[in-house]
2 protein chains.
Amino acid sequence: VDPSARAARERFDALAKPTGSLGRLEALGARLAAIAGSCPPPRPAPATVAVFAADHGVHAAGVTAWPQEITSTMVGVMASGRASVQALAAAAQAEVVVVDVGVAHRTAPVDGVLDRSIRRGTRDLSVEPAMTLAEVSRALDVGAEVADELIAGGARCLVTGEMGIGNTTPASALVAAYCGRSAAEVTGRGAGADDETLARKVGAIESGLSRHDPGDDPLVVLASLGGLEIAAMAGFVAAAASQRVPVVIDGVIADAALLAAERLLPGVRHRVVAGHRSTEPAATIALDELGLEPVLDLDMRLGEGTGAVLALPLLDAAVRALTDVATIADVMGD
Amino acid sequence: VDPSARAARERFDALAKPTGSLGRLEALGARLAAIAGSCPPPRPAPATVAVFAADHGVHAAGVTAWPQEITSTMVGVMASGRASVQALAAAAQAEVVVVDVGVAHRTAPVDGVLDRSIRRGTRDLSVEPAMTLAEVSRALDVGAEVADELIAGGARCLVTGEMGIGNTTPASALVAAYCGRSAAEVTGRGAGADDETLARKVGAIESGLSRHDPGDDPLVVLASLGGLEIAAMAGFVAAAASQRVPVVIDGVIADAALLAAERLLPGVRHRVVAGHRSTEPAATIALDELGLEPVLDLDMRLGEGTGAVLALPLLDAAVRALTDVATIADVMGD
């Protein structure tokens, strides 16, 4: 057991309350102590959600009913501050930054959106590798750079967010490849796929998976089956982990990115908090593989960072319990 | 379906996101609209936790290993601002007020604690009715007065809290009586009872239940098996409900109080939000009977209001989603 986590457990046991009575909030406090390498850990504030946006060539395979243009439309809604993630971030007093790492249909730079575009969407993963190794490496670097910039700017907690029409397909494909599962096991309805769309989605993932064996290099798999925003999120998570700043992981897209990061850099999973459990089957498969129990389980499947950002006040509460509550010794000494 | 709840559902469906993708947050928003009788509902802020403190005559039956004096000790800790509920309330930006409705061992009025003491603890429910009808009525009134005062002072959301050594025993007894369950089914280990203590607890509850039949008047049952803080919480919930101010319900003690309020004033259950699921078996029995799905499930069993207060940011997020997010029509009109 990590010594800071043990110190947090001992502190919780010493507080003026029944032993263990804060339940999973105590585990969360211990995890934050382990991430920081100190007990008590610093408060996870201010917090920033980074929303990485990109498009997917596999859209051409009919894996979603939503037009690909919706990605750039939603980036515009985010730029105006009126997306779901921003309403929920406001409730948790978090900032939101939007990063274009590969939107296909953008017309011009959008005010309020960081332009780090690597290419205008990936290739169709059901036909060929979605990215080259150079592209996936660049996406990892961009994600890491954004994390480093946000931390340099004062952020003490990061949250993964994303926007990309069709991106449950690459996310599910990565979970299948990294966890040794079939396309049918990992594939869900995403943003509302009907039976025919779902069948095309399973078929596209099967096609992509057929290029790989279990022993393949994790970076090759990420390039082949992933997405630019997924790779950027993997780099983002890894960079924050190396700085011991907690990252709250959102739903299935972020779970896939974390799985990629863990395969590239084993141990990263110990430096994050799973914010919520998406209803997508690949989310639970990935979380189980990573040994993570999510804080919230609210049947959400929106993405953008909406599930993870809701968990932020619980992280703050866990830290405040470690710092602000009287111990039994304090009370008996009165 | 309530028309304000329906309006909230329609609003969620109109937002620029996949239908239903905010999951249980949408149900929470609809519930808050129904409680307020308007859509969008007002933001649930500022919020105040009222911690009702009292002692229990059944302590003499050996139902807990904790000395009864701990109730007044913890009231002192709360007066100093260093109890668990206050640390967690700070993370949710809520205020905490402490109300003495029946602490046994207090020595003098404590600064920062409202003195509404009805008597210095109840009688032993395993031997005789815990309260007279006059006492239980007074406790209901005190709870209602506190709710009315807090709302008059500007609170737009209330949270139930409590402190009372031994109070899982009366709470479990009430759940058994109101739901037609046996003592063994409802009784849990509370703040850490060992096997012998648990057996005494079951025996005390069986004794109390033996005075009653299923058709008994709910006020008589509350007086016989309840506690001063439990009755005060029931009055508190009922008064807030009548003013259409949402009340977030904490763990098993609050669930029992809500059940009492519902039996006294059917329909109150539609005007509250279940904040979390306590690990105590009686909590889940009561929530199922009331048809309530709690927002959080974090294996907590501390009381004080700690579980419920953690749900507050999610209520705020649900309302902000209804007020601050662009609709599909907004986006398409751009």
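All figures in this text were calculated on a predicted structure; none of them were measured in a lab. (Residues numbered from 1 in each chain as written. Chains lettered and ligands numbered in written order. Predicted model: local features only at pLDDT ≥ 70, side-chain atom pairs only at ≥ 80, totals over all residues. Heavy atoms only, no water.)

Of regular secondary structure, chain A possesses 14 helices and 6 strands. Taken against the 2.2 N^0.38 rule, which gives 20 Å for 334 residues, the C-alpha radius of gyration of chain A at 20 Å falls within 12% of a compact globule. Burial analysis of chain A (334 residues in total) assigns 61% to the buried set. The contacts in chain A between residues at least 6 apart in sequence include a share of 75% that link residues at least 24 apart. Looking at chain A as shown, the accessible area adds up to about 11,300 Å², and 51% of this sits on carbon and sulfur atoms. Taking the average location of the 27 positive side-chain charges in chain A and that of its 41 negative ones, the two points are 3 Å from each other. (Helix = DSSP H or I, 4+ residues; strand = E, 2+ residues; numbered from the N terminus. Rg over C-alpha atoms; globule rule 2.2 N^0.38 Å. Buried < 20%, exposed > 50% of the residue type's maximum accessible area, 1.4 Å probe, protein only. Contact = heavy atoms within 4.5 Å. Areas by Shrake-Rupley, 256 points an atom, 1.4 Å probe, with all protein chains shown as cover. Lys, Arg positive; Asp, Glu negative; His and termini not counted. Charge placed at Lys NZ, Arg CZ, Asp CG, Glu CD.)

Let's shift gears to the sheet that holds strand 1 (residues 47-54) of chain B. Within a sheet, neighbouring strands are paired by backbone hydrogen bonds and run either parallel or antiparallel to one another. Residues and elements named next belong to chain B. The strand order 3-2-1-4-5-6 describes an open sheet built from 6 strands, whose pairing is parallel. Two strands in the sheet have a free side with no partner beyond their single neighbour: strand 3 (113-115) and strand 6 (272-274). Along the sheet, successive strands turn relative to each other by an average axial angle of 30°, direction set aside. Sheet analysis places strand 1 next to strand 4 (residues 157-163), joined by 7 bridges and oriented parallel. Note that in strand 4 the partner of Phe52 across the bridge is Glu162. (Pairing = 2+ DSSP bridges. Axes fitted to C-alpha atoms, helices over the stretch in contact; angles between N-to-C directions.)

Residue and element names in this part refer to chain A. All told, the structure shown has 0 disulfides over all chains when counted by the stated rule. This cysteine, Cys39, is not joined by any disulfide, and Cys157 carries the nearest cysteine sulfur, 17 Å off. For Cys39, a relative accessible area of 30% corresponds to the partly exposed category. (Disulfide = S-S within 2.5 Å.)

A few words on the side chain of B:Arg320. Position of B:Arg320 relative to the elements: it lies in helix 13 (residues 306-324). Note on B:Arg320: relative accessible area 15%, which makes it buried. The contacts of B:Arg320, once residues within four sequence positions are left out, are A:Ala87, A:Ala90, A:Ala91, B:Arg43 and B:Val325.

Interfaces are often sized by the accessible area lost when the parts come together. Residues and elements named next belong to chain A. Each domain of chain A was delimited in the assignment, giving domain 1 (3-41 + 320-332) and domain 2 (47-314). At the interface, 9 residues of domain 1 touch 13 residues of domain 2. Between domain 1 and domain 2 lies a buried interface of about 860 Å² when both sides are counted; carbon and sulfur atoms form 57% of it. Of all residues in domain 1, Arg24, Arg31 and Ile35 give up the largest surface area on contact with domain 2, accounting jointly for 62% of the area buried on that side. Summed over the shared surface of domain 1 and domain 2, the number is 0 salt bridges. (Domains from an automatic or database assignment. Buried area = accessible area lost by both parts, 1.4 Å probe. Salt bridge = Lys/Arg side-chain N within 4 Å of Asp/Glu carboxyl O.)

Take the interface of chain A and chain B next. Across the boundary between the two partners, chain A contributes 46 residues, which contact 46 residues of chain B. Overall, the association of chain A and chain B removes approximately 3,800 Å² of surface from exposure, summing both partners, and the carbon and sulfur fraction of that is 67%. Our count for the chain A to chain B interface comes out at 2 salt bridges. Note that A:Asp330 and B:Arg82 form a salt bridge whose closest N and O atoms lie 3.0 Å from each other. Our enumeration of links across chain A and chain B arrives at 14 residue pairs in polar contact (both at pLDDT 80 or more). Contributions of two or more residues to the side of chain A that touches chain B are made by helix 2 (24-36), helix 3 (70-79), helix 4 (84-91), helix 13 (306-324) and helix 14 (328-332) of chain A. For the side of chain A that touches chain B, the element with the most residues is helix 13 of chain A, which contributes 9 residues. (Polar contact = N/O pair within 3.5 Å; in protein donor to acceptor, adjacent residues only side chain to side chain.)

With that settled, the discussion passes to the relation of the copies chain A and chain B. It takes a turn of 180° to lay chain A on chain B, together with a shift of 0.0 Å along the axis; the resulting RMSD is 0.0 Å. This pairing of chains is accounted for by a two-fold axis. A symmetric contact is evident, with 100% of the interface residues of chain A recurring at the interface of chain B. (Least-squares fit on C-alpha atoms with pLDDT ≥ 70 in both.)

Our next topic: unusual backbone geometry. If a residue is not glycine, its phi is most likely negative; likewise, a peptide bond is most likely trans. A:Pro40 follows A:Cys39 through a cis peptide bond whose omega is -5°. Following A:Ala45, the chain continues into A:Pro46 via a peptide bond in cis, with omega recorded as 0°. By the secondary structure assignment, A:Pro46 is in the loop between helix 2 and strand 1 (47-54). Unlike most non-glycine residues, B:Gln93 shows phi in positive territory, near 55°. By secondary structure assignment, the location of B:Gln93 is in the loop between helix 4 (84-91) and strand 2 (94-102). Taking relative accessible area as the criterion, B:Gln93 reaches 52% and is therefore assigned exposed.

Considering soluble globular proteins, one finds that nonpolar side chains tend to be buried as a cluster. In terms of nonpolar packing, the biggest core is built from 119 residues, with A:Leu88 and B:Leu88 touching the most fellow members. For B:Leu88, the residues in contact, after removing those within four places along its chain, are A:Leu22, A:Leu25, A:Ala317, A:Ala321, B:Met300, B:Thr306, B:Val309 and B:Leu310. (Core = buried A, V, L, I, M, F, W, Y, C linked by side-chain atoms within 4.5 Å.)

All right, on to the packing of aromatic side chains then. Each aromatic ring pair is summarised here by two numbers: the centre-to-centre distance and the angle between the ring planes. Residue and element names in this part refer to chain A. A complete count under the given rule lists 2 aromatic pairs over all chains for this structure. Judged by centre distance (5.3 Å) and plane angle (75°), the rings of Phe52 and Phe236 are edge-to-face. Placement of the pair is Phe52 in strand 1 and Phe236 in helix 10 (residues 228-242), with a sequence separation of 184 residues. Each member of the pair, Phe52 as well as Phe236, is classed as buried. (Phe/Tyr/Trp six-rings, centres within 6.5 Å; stacked < 30°, edge-to-face > 60°.)

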